[in-house]
Amino acid sequence: MILDDFPVSSDADLGKGLSALGNGAMDELHGLTELDNQWQKGLGDDFPPASNFDGMLGQAGGGVLDDGFDGQGFGTPPDDFAALNRQPGAEARGRAFLIRHFNRPDEDRYEIRDDVTSIGRGRDNQIQIKDDTKVSRYHCRILREPAGFYVEDNNSSNGTMVNGELITRRKVEGGEDVTIGETLFRFQMT
């Protein structure tokens, strides 16, 4: 049944027009109303009631979707607006360096730009250590992952150490000493 086929000017007229069609039309309209109520109730499970939108958008003329900073998905913006675009593990998005001869005039800085930075004696490593015979050809690597930076030994002969401790894999956050063979580096982040 298509209700548009019946010219009505008000809700009262609609009721009169439907009753003229008989009880079947009224039952069908009641069924449609119940379906609509159930559908709206189902939406309430996924969406907050409209009365909550004012509170979520803030009191000072609208709010900012803050990428979940308040755990609700809405809230006040952070002081650092760049934080709005950060992904989880954003610390891995900063600039990182491996520094040989840290704080010396002959300091060498190697920026960690790739997701995997290989370190070793072999010439096809991103960071090549030529003058240390204790360094394996493919000694270790630095991994840039969503959760941060990691130093991972590559089953080298003489091992890799972070802050004097022999490791197989260790998260680094900046300021750690990384010893590869007998060569000392400082891992720094900016």
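Residues numbered from 1 in each chain as written. Predicted model: local features only at pLDDT ≥ 70, side-chain atom pairs only at ≥ 80, totals over all residues. Heavy atoms only, no water.

(A) Quick look at the side chain of Arg 100. When you line up the elements, Arg 100 lands in strand 1 (residues 96–100). A relative accessible area of 11% places Arg 100 in the buried class. Among the polar contacts made by the side chain of Arg 100, one reaches the side chain of Asp 131 at a distance of 2.8 Å. Setting aside anything within four residues of it in sequence, one finds Arg 100 in contact with Asp 106, Glu 107, Asp 108, Tyr 110, Ile 129, Asp 131, Thr 183, Leu 184 and Phe 185. (Helix = DSSP H or I, 4+ residues; strand = E, 2+ residues; numbered from the N terminus. Buried < 20%, exposed > 50% of the residue type's maximum accessible area, 1.4 Å probe, protein only. Polar contact = N/O pair within 3.5 Å; in protein donor to acceptor, adjacent residues only side chain to side chain. Contact = heavy atoms within 4.5 Å.)

(B) Inspection of the nonpolar core at higher detail. By size, the foremost hydrophobic cluster in this structure holds 18 residues, and its most contacted members are Leu 98, Ile 119, Ile 142, Ile 180 and Phe 187. Residue assignment for this core shows that the elements contributing at least two residues are strand 1, strand 5 (140–145), strand 6 (148–153), strand 10 (176–180) and strand 11 (183–189). With residues near it in sequence (within four places) discarded, Ile 180 still touches Ile 119, Ile 129, Asp 132, Val 135, His 139, Cys 140, Thr 160 and Phe 185. (Core = buried A, V, L, I, M, F, W, Y, C linked by side-chain atoms within 4.5 Å.)

(C) Layout of the environment of Val 135. Locating Val 135 in the fold gives a position in the loop between strand 4 (127–128) and strand 5. You can call Val 135 buried: its relative accessible area is 1%. Separated by 24 residues in sequence, Val 135 and Gly 159 place their C-alpha atoms 8.6 Å apart. If near-sequence neighbours (up to four positions away) are discounted, Val 135 is found in contact with Gly 120, Arg 121, Ile 129, Ile 180, Gly 181 and Thr 183.

(D) Inspection of the pairing of strand 1 at higher detail. Counting buried positions along strand 1 yields 5 of 5 residues, so the element is predominantly enclosed. Looking at chain direction, strand 1 and strand 2 (residues 108–112) are connected through 5 bridges and run antiparallel. Along strand 2, the bridge assignment pairs Phe 97 with Glu 111. (Pairing = 2+ DSSP bridges.)

(E) Broad picture of the sheet that holds strand 10. Read from one edge to the other, the open sheet built from 6 strands follows the order 2-1-11-10-7-8, with strand pairing classed as antiparallel. Both edges of this open sheet fall to strand 2 and strand 8 (165–167), since each of them pairs with a single strand only. Along the sheet, successive strands turn relative to each other by an average axial angle of 30°, direction set aside. (Axes fitted to C-alpha atoms, helices over the stretch in contact; angles between N-to-C directions.)

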